[in-house]
Amino acid sequence: MKKDAVLEDLHAAWKAADKKCTVAFWSNAGLIGPAKDIWRACSLRDPQIIESIEERVSRQLKCSQEEAHQFIEALSIPVDPLPRRREITDIAIRRMEDFLTHLGRSPAYAASCYELLTSLVREAGTDVPNSRRSTAKSIAATIGRLTDLRRQSDYLRNFLSAANIKQAILRECDRLHAYTTPQTGRTWEPDPLFSGRKEELAKLRELLNPDHFHPAPPVVIHGMSGCGKTSLALHFAATQTDFRPIFIEASKRAQVIKELKHLGILELDSPAGGSGTLPHGPVTIKLPETSRILLIFDGVTDSHTLRGLVPRKSLCRVLITSTVPNLDDGFEHFGIGDWRREESISYISRTLTRQQESEMDLLAGVLSDQPLAIAQAVNYCRLMNLSINEYVDRLKRSPLLVLDRGEASGYRKTLVQAIQLNINAATQLDPLASSLLTLLSYFGSDVLPEMIFEHEALWAFAEERNLVKSGRDRKRFKWRMRKSHEQEQPTLVGPAWEARLQLKDPSRRDSATEALIRLSLARRESGGIIVHPVIRLIARSMSGDPSNWVAVGLGLLLAPILSEDYSDPINDLCESHLETTVDIAFRSGLYGAGVVAGASRVIRRRLEMHEYQMALDYSLKVLPKVIDQAHKGKIPYSAPFDMRMYTAMALARLERMDEARELVYDNIDLAEASGVPQAVQDAWIMAGRVAIFVGDRALATETLDNLLVEDEGRDMDARQFLTILHNRTRLLWLLNRATEAAEENQTALRFLSENEHIASDLVDETHRDAAFLARARMDIDALLEHEAVSFSLRDKDANTPAKRLKRAETLLSLADACIDANQLDRADALIKQAQATLSQFASNHPSHGQLFGIRGRLNLHRMDFQSSYNDLMRAVDILKDSKGMYSATLPSVLVHLAHAAAGLGKFPESLAAARGAVELDERRYGPDHPEVAQDLEVLHAIQRFIEAMKKRGG
């Protein structure tokens, strides 16, 4: 102490602090002589001992005895000396063991972690030569700023935060622990052909981050067979250098236990799953205590496989691939689906390098972007030297056979084999599961509402039957439908019908659905069931004879539609599946009455969406075959009736009137030959609709003479009665018999007021007719009243395109009425709602023409001629090529365009628009109709306005 002037230095520091601090001397050496006396005075704090050394200390420090006394009281020397170097290391390692154990790590690496700690402290405490120091000259604008930056740099270089030290120690512990496990897994090489999945890889990195030194739940990647679960897991492990990945094939529990024994996680003498040895619940064995090991359990198909073996949280990172969507409530789950289209094309382009992008898009489309199916297809094309078009042709002919061809690296089974195994496993869970899947395979890709199974079971005839037994009967049958030749009721037996009856029971249906979901053969969404297109294709190809399944499937879809509960939200969803089921039936050569009825509904649905050309193309593709089957006596001769009717409507809306009339009269002849009054009325209703759509006044007159309501409709049901009144109202208006039209409508309105539980579509039709007539006679209050009733019937949460389109049209109609009532702000709000709804439809859809026409009229009432002119011109561009109901709105748009153009001084355009409106309405209604009179009034007013402007200018 005397040699190194320790006491003098401590005294100087004490004085420099104005004698307001405590000074201390710590040493791992023993003290003797005067130093021991000072130690006794400072440690025991005995006044006598302090008094005895005051004089000696004052001489040594060259200060007063009083100051020496104060210094001794401020001096602190520990009772026991510090441990020596070896003792320090030993204690430090024991403290490091405690630290690691507290954080769930193995204490076996405490010595190495302590060495790391001393290395960090040594580096932080070592001065760096100026030649090796990074300077801040390049980023310092002034000398003062340079000084501050250097001071900050020195501080950061010599400062170690507790958090950084903790993280470094844990990282070192995990690194050492990972490389002391058995050599089951090493660093892996990523697959250069791996495609896409960027979002999924980022999600895995977030959930399994090895730098988060806290226990994490296992992550389960789930999805259907062949969607790329294993490829994603392996690629993630291969691209994360911080991990030590270990792969375990986990389809069987015994195999998992064997691998865990090999890794030393289980004792070698533990029996494989013996009761009393391994837990089977949330309390499990302990996995390696490191976040650097990544255990991959691949191919888990049963939640019991990992019970008691994988904890709900551990430092060891766990990644599981499974077809089961919910292996354990404590695990983190996320599902993966198919590739995105660009990912599919990316994979195909790297292997089939000579194919056009359109061909690659075709292959991805027919295989629904399913990764395993695409990988097998690419391999098979390379092996057989096939073009994509050749492969697609073979797939269409023999889907099950072709999907079973080709190999994909990393897959021991083809997609077909994997799906078949899953179907067998689901059947073991519930025998009804395979029948449910087969039935679902005959539907489309949209959600199938489970409520559909609660309707009464309906058998829709899918096969043609020989209904005529002799040539004479066939000849007579062509002209007259006889009840003796109606189809006999079949004996309803077989797997399809039995499954349909069982599926009506909610508990049986839930059990079968659960079995499919557990094997990722189906999934539930929005109260319905969805099956992947490739799974549907495979299941359907395995089903054998499709006729009974088609009959049951069509019965399921048609039952809610034919129930006439038009407010039932599942109707639109059923009709969205109907086209798929009907197409499957036609491809299978099935043209039974049920198939024809389903096809007729498909055509009707397209008409409701105003897809007239698509409706006609579809109809003309199947109608000749259907009529041929009827002529041969294979199906009832009345079966094509509805299909003819909807085809005629499509032709009429496309202004192909000669063909439309031919079909109309075919149906009328057929109906009259049947002797069934209902059939006759239906035929004339169809004729009336055609006449209304195209303005055929001759056909309208003939229809009115035959479409009659006798005895005030006492013998008619509500639908028949109101439909006839609706048609007569519109036909009478077309023929300029406005008073009679209003009387027919009043009859319908009275019927609605006197009867309850009328279908919403009938109520809507009646009030729309009333609104139409009110606008014609300028009764604004009645117009608003009836438009409001019609609007109230529209579902604001419409979940199908058809319903959304109808809602938008009703919004626009109500907005038009509000303009008549000078409620311009309300009209503006309604137009904006309609515009938001119509944003999902193509920009050239006729409904947009209606939108621009009504918005142009609104701007015209606001005297904003330029905005009105712009909107109306856009409306004309869209509506001039439209057909049917939308083309009938073009004259009113032209009238308003005439006003807007006149307001802008564009007189030639104004006159041309007004004359165009007159010409269109004269062609539709004839010269004496009120619509034509209104157009002529506008034309004359514009002509007078132009003459006045000329005179004023003159």
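Computed from a prediction, not measured in an experiment: that's the story for all the values here.

On to the sheet that holds strand β9 (residues 523-525), then. Across a sheet, paired strands are connected by hydrogen bonds in the backbone, their directions being either parallel or antiparallel. Strand order in this open sheet of three strands is β8-β10-β9, and the pairing throughout is antiparallel. Edge positions in the sheet fall to β8 (448-449) and β9, since each has one partner strand and no second. Pairing of β8 with strand β10 (residues 528-530), which is carried by two bridges, proceeds in the antiparallel orientation. Bridge assignment links Pro449 to a residue of β10, and that residue is Gly528.

Next up on the list: the pairing of strand β6 (residues 317-322). Of all six residues that make up β6, six are buried, and the element is covered over most of its length. Burial of β6 is two-sided: the residues Arg317, Leu319 and Thr321 facing one way and the residues Val318, Ile320 and Ser322 facing the other way are all buried. Direction of pairing for strand β3 (residues 219-222) relative to β6: parallel, over a ladder of four bridges. Counted as the bridge partner of Val219 is Leu319 from β6. Sheet topology note: the strand β5 (residues 293-300)/β6 ladder contains five bridges and is parallel. Opposite Ile296, over in β6, you have Leu319 as the bridge partner.

Here the focus is the nonpolar core. Leu319 and Tyr391 are the most contacted members of the largest nonpolar core, which totals 166 residues. Setting aside chain neighbours within four positions, we find Leu319 in contact with Leu204, Leu208, Val219, Ile221, Ala233, Phe236, Leu294, Leu295, Ile296 and Phe297. Core analysis: the second largest hydrophobic core is formed by 27 residues, Ala782, Leu812, Cys818 and Leu851 among them.

Applying the stated rule across the entire model yields 35 salt bridges. In this structure, Arg341 and Asp361 form a salt bridge, with 2.8 Å as the shortest nitrogen-oxygen distance. A residue pair is termed long-range when its members are at least 10 positions apart, and Arg341 in helix α12 (residues 341-351) and Asp361 in helix α13 (residues 357-366) qualify at 20 residues. Under the relative-accessibility criterion, Arg341 is labelled partly exposed at 29%. Judged by its relative accessible area of 32%, Asp361 is partly exposed. The partner of Arg524 in a salt bridge is Glu450, and the shortest N-O contact between them spans 2.5 Å. Taken together, the residues span a long stretch of sequence, with Arg524 in strand β9 and Glu450 in the loop between β8 and α19 (471-479) at a distance of 74 residues.

Next up on the list: the layout of surface pockets. Quantified by volume, the second largest pocket comes out at close to 1,400 Å³. Going through the elements one at a time, α10 (229-239), β4 (244-249), β5, β6, α12, α14 (371-384) and α17 (415-429) are the ones with two or more residues in the lining of the second largest pocket. A breakdown of the residues in the lining of the second largest pocket according to their chemical character gives 21 nonpolar, 18 polar and 10 charged.

A separate point is empty space enclosed by the protein. Following the criterion strictly, the structure yields two cavities of 30 Å³ or more and no others. There is about 100 Å³ of room inside the largest cavity. If you trace the largest cavity, you find 13 residues lining it, with Leu306, Arg307, Val310, Asp328 and Phe331 closest to the centre. Across the lining of the largest cavity, the residue classes tally to six nonpolar, four polar and three charged. Volume-wise, the second largest cavity comes out at about 50 Å³. Taken together, the residues that form the lining of the second largest cavity break down as six nonpolar, two polar and two charged.

Under the counting rule described, the total for this entry stands at nine aromatic pairs. The interplanar angle of 55° and the centroid separation of 6.0 Å between the aromatic rings of Phe236 and Phe243 together place this pair among those described as tilted. Take Phe236: its relative accessible area is 0%, and that puts it in the buried class. Residue classification places Phe243 among the buried residues on the basis of a relative accessible area of 3%. Note that Arg730 overlies the ring of Phe772, its terminal NZ or CZ placed 4.6 Å from the centroid. In this arrangement the basic side chain of Lys906 is found over the ring face of Tyr869, its NZ or CZ atom lying 4.0 Å from the centre.

This brings us to the confidence of the model for the chain. Residues with a pLDDT of 70 or more make up 87% of the chain, whose mean pLDDT is 82. The model gives residues 270-276 a pLDDT under 50, and that stretch makes 11 contacts with residues more than four places away or in other chains. Contacts from residues 467-489, a stretch scored under 50 in pLDDT, to residues over four places away or in other chains number 34 contacts.

Note that an α-helix has 3.6 residues per turn; residues three or four places apart therefore point the same way. Under the 1.5 Å per step criterion, the end-to-end length of helix α25 (residues 593-608) is 23 Å for 16 residues, consistent within 8% with the ideal 22 Å. Across the 16 residues of α25, 12 count as buried, placing the element largely inside the fold. Of all the residues in α25, the buried ones are Gly594, Val595, Val596, Gly598, Ala599, Ser600, Arg601, Val602, Ile603, Arg605, Arg606 and Leu607. Of the residues flanking the end of α25, it is His610, one or two places downstream, whose phi is positive at about 65°.

A few words on unusual backbone geometry. If you check the backbone angles, His757 has positive phi at about 60° while not being a glycine. Structurally, His757 is set in the loop between α32 (738-754) and α33 (760-776). With relative accessibility at 79%, the residue His757 sits in the exposed group. The backbone of Asn822 shows a phi angle near 60°, a positive value even though the residue is not glycine. Here Asn822 lies in the loop between α35 (801-820) and α36 (824-838). The class of Asn822 is exposed, set by a relative accessible area of 57%.

Conventions used here
- Residues numbered from 1 in each chain as written.
- Predicted model: local features only at pLDDT ≥ 70, side-chain atom pairs only at ≥ 80, totals over all residues.
- Heavy atoms only, no water.
- Pairing = 2+ DSSP bridges.
- Helix = DSSP H or I, 4+ residues; strand = E, 2+ residues; numbered from the N terminus.
- Buried < 20%, exposed > 50% of the residue type's maximum accessible area, 1.4 Å probe, protein only.
- Core = buried A, V, L, I, M, F, W, Y, C linked by side-chain atoms within 4.5 Å.
- Contact = heavy atoms within 4.5 Å.
- Salt bridge = Lys/Arg side-chain N within 4 Å of Asp/Glu carboxyl O.
- 1 Å grid on protein atoms, 1.4 Å probe; cavity = no way out; pocket = protein on both sides within 12 Å on 5 of 7 lines; lining within 4 Å.
- Points joined across faces, edges and corners; volume = space filled by probe spheres on them.
- Nonpolar A, V, L, I, M, F, W, Y, C, P; charged D, E, K, R; others polar.
- Phe/Tyr/Trp six-rings, centres within 6.5 Å; stacked < 30°, edge-to-face > 60°.
- Lys NZ or Arg CZ within 6 Å of the ring centre and 35° of its normal.
- pLDDT = per-residue confidence, 0-100.
- Expected span 1.5 Å × (residues − 1).

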